[in-house]
Structures are given as C-alpha cells and as structure tokens.
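# Topology and contacts: notes
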Amino acid sequence: RFPLDTQTCSLELESYAYTDEDLMLYWEKGNESLKTDEKISLSQFLIQKFHTTSRLAFYSSTGWYNRLYINFTLRRHIFFYLLQTYFPATLMVMLSWVSFWIDRRAVPARVSLGITTVLTMSTIITGVNASMPRVSYIKAVDIYLWVSFVFVFLSVLEYAAVNYLTTVQERKERKMREK
C-alpha cells in the first residue's frame with residue numbers, strides 16, 4: 001500500500017547473561033512504562049501507537065530468559081508523496097483532457113499536447129521508480145501512476161479515433177457528392 005502504508009516495528013530487550021531464575025524483567029506500568037517526547041519526530045513516519053509485552057524465551061543450551069517487547073505502529077506521512085507524485089500525475093491527466101476541447105482539425109496542437117502529456121507521465125513514473133527500492137510486488141503508487149498513464153494515453157487514442165472516423169466520413173460524403 002506504499003505510500004499509504006503503516007509499519008509495525010518491534011524492539012526486544014533481553015539479558016543474555018542471566019536466566020529467569022537470576023533476573024526477572026517486566027514492564028512496571030504496562031504501556032504506561034514507555035513515554036515519548038513530543039519534540040522528537042520521525043521524518044517519514046508518525047508514531048500511532050505502541051504496545052508492550054513480556055515473554056519467556058527458551059534456549060536449549062542455557063535455559064529460560066525473560067524478554068521484553070515493544071511494538072511500534074508507524075504511519076507514513078503522505079504529504080511529500082502528494083506533492084511530488086500524486087498532484088503532478090493528476091494535473092497531467094487533466095491537461096490531457098484539454099485536447100478534447102481543441103478543434104479536431106488543429107492537428108499540431110492536439111498531437112503535441114498528447115505527446116507531451118504521455119512523455120511527462122513516463123518521466124514521472126520513471127522518477128518515482130528510480131527513488132523506490134526494487135520490490136517484487138505492486139505498490140499503491142504504481143497503480144495510481146499507471147491508471148493515470150492509461151487515461152493520458154487514451155486521450156491520445158481518442159484523437160486518433162476521431163481523426164480516422166472523420167476521414168472515413170469525409171470520404172463517404174465525397175463519394176456521395178461525386179455520384
């Protein structure tokens with residue numbers, strides 16, 4: 001779901017020297033044991049919540065050890081991606097729609113607008129993919145960008161279809177007039 005995702009990160013604390021017979025670890029106040037400073041923030045994430053637990057871990061060679069867990073739930077800040085990816089892609093789709101209001105006989109205007117928007121969408125997709133890690137799954141941003149690309153490409157195909165159908169219609173009318 002990147003960049004609309006949430007991440008869960010865990011931190012585990014354990015003594016490697018003392019077993020549960022020698023040292024007992026526990027959260028004194030449960031979730032209240034952990035406080036965060038409001039001045040500290042992460043650049044890409046917002047800490048939504050955290051959860052504390054404790055369990056025993058068994059190692060066959062040495063025995064049982066107490067282990068404390070903290071699970072952080074982090075939500076990604078979306079504003080950067082809105083500004084750098086989603087807004088430009090949306091504007092390119094809207095710009096491609098301008099060709100619908102340009103006269104069908106204004107070939108240079110419609111073709112240059114269509115080619116420009118297709119190439120710009122290709123550049124946006126390439127730039128976003130270059131800044132992301134290579135993963136084997138499809139991300140939400142990929143789906144959005146490719147759907148936007150299809151809309152832009154279809155606006156170019158619309159002009160090709162209109163131009164073709166108009167040419168066929170004009171040929172029929174010319175043949176009718178000649179008869």
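If you're wondering where the values come from, they're calculated on a predicted model, not measured in any experiment.

Rules and cut-offs
- Residues numbered from 1 in each chain as written.
- Predicted model: local features only at pLDDT ≥ 70, side-chain atom pairs only at ≥ 80, totals over all residues.
- Heavy atoms only, no water.
- UniProt positions renumbered as here; feature names shortened; annotations may be inferred.
- Helix = DSSP H or I, 4+ residues; strand = E, 2+ residues; numbered from the N terminus.
- Pairing = 2+ DSSP bridges.
- Axes fitted to C-alpha atoms, helices over the stretch in contact; angles between N-to-C directions.
- Buried < 20%, exposed > 50% of the residue type's maximum accessible area, 1.4 Å probe, protein only.
- Contact = heavy atoms within 4.5 Å.
- Phe/Tyr/Trp six-rings, centres within 6.5 Å; stacked < 30°, edge-to-face > 60°.

### Notes on the UniProt feature "domain: Neurotransmitter-gated ion-channel ligand-binding" (unreviewed entry) in the protein chain
Listed under "domain: Neurotransmitter-gated ion-channel ligand-binding" (unreviewed entry) in the UniProt record, and renumbered for this structure, are residues 1–77. Annotation note: span residues 1–77, helix share 0%, strand share 49%, distance between end C-alpha atoms 13 Å.

### As for the sheet that holds strand E3 (residues 63–76)
Pairing within the open sheet is antiparallel, and its three strands lie in the order E1-E3-E2. Two strands in the sheet have a free side with no partner beyond their single neighbour: strand E1 (6–14) and strand E2 (45–59). Ignoring which end each strand starts from, the neighbouring axes of this sheet average 20° apart. Sheet topology note: the E2/E3 ladder contains 14 bridges and is antiparallel. Paired with Thr-52 across the strands is Ile-70, a residue of E3.

### Overview of the environment of Pro-3
Mapped onto the secondary structure, Pro-3 falls in the segment before E1. Looking at Pro-3, the relative accessible area reads 1%, which means it is buried. Contact partners of Pro-3, with chain neighbours within four places excluded, come to Arg-76, Ile-78, Tyr-81, Tyr-86 and Val-141.

### Let's talk about the UniProt feature "transmembrane region" (unreviewed entry) in the protein chain
The positions UniProt marks with the feature "transmembrane region" (unreviewed entry) are residues 78–99, 111–131 and 143–166. Taken end to end, residues 78–99 comprises 86% helix and 0% strand; its first and last C-alpha atoms sit 31 Å apart.

### Observations concerning the packing of aromatic side chains
Under the definition given, this model contains seven aromatic pairs. Ring geometry for Tyr-59 against Tyr-65: centres 5.4 Å apart, planes inclined by 70°, an arrangement best described as edge-to-face. With a relative accessible area of 29%, Tyr-59 lands in the partly exposed category. Residue Tyr-65 is classed as buried on the basis of its relative accessible area, which comes to 6%. For the ring pair Phe-80 and Tyr-81, a centre distance of 5.2 Å and an interplane angle of 85° mean the geometry is edge-to-face. For Phe-80, a relative accessible area of 53% corresponds to the exposed category. Among the aromatic residues, those joined into a ring-pair cluster are Trp-146, Phe-149 and Phe-153.

### Digging into the environment of Ala-89
Of note, Ala-89 is situated in helix H1 (residues 79–97). Considered as a pair, Ala-89 and Leu-56 are 33 residues apart in the sequence and their alpha carbons are 51 Å apart. When near neighbours in sequence (up to four residues on either side) are disregarded, Ala-89 contacts Met-121, Ile-124, Tyr-144, Leu-145 and Ser-148.

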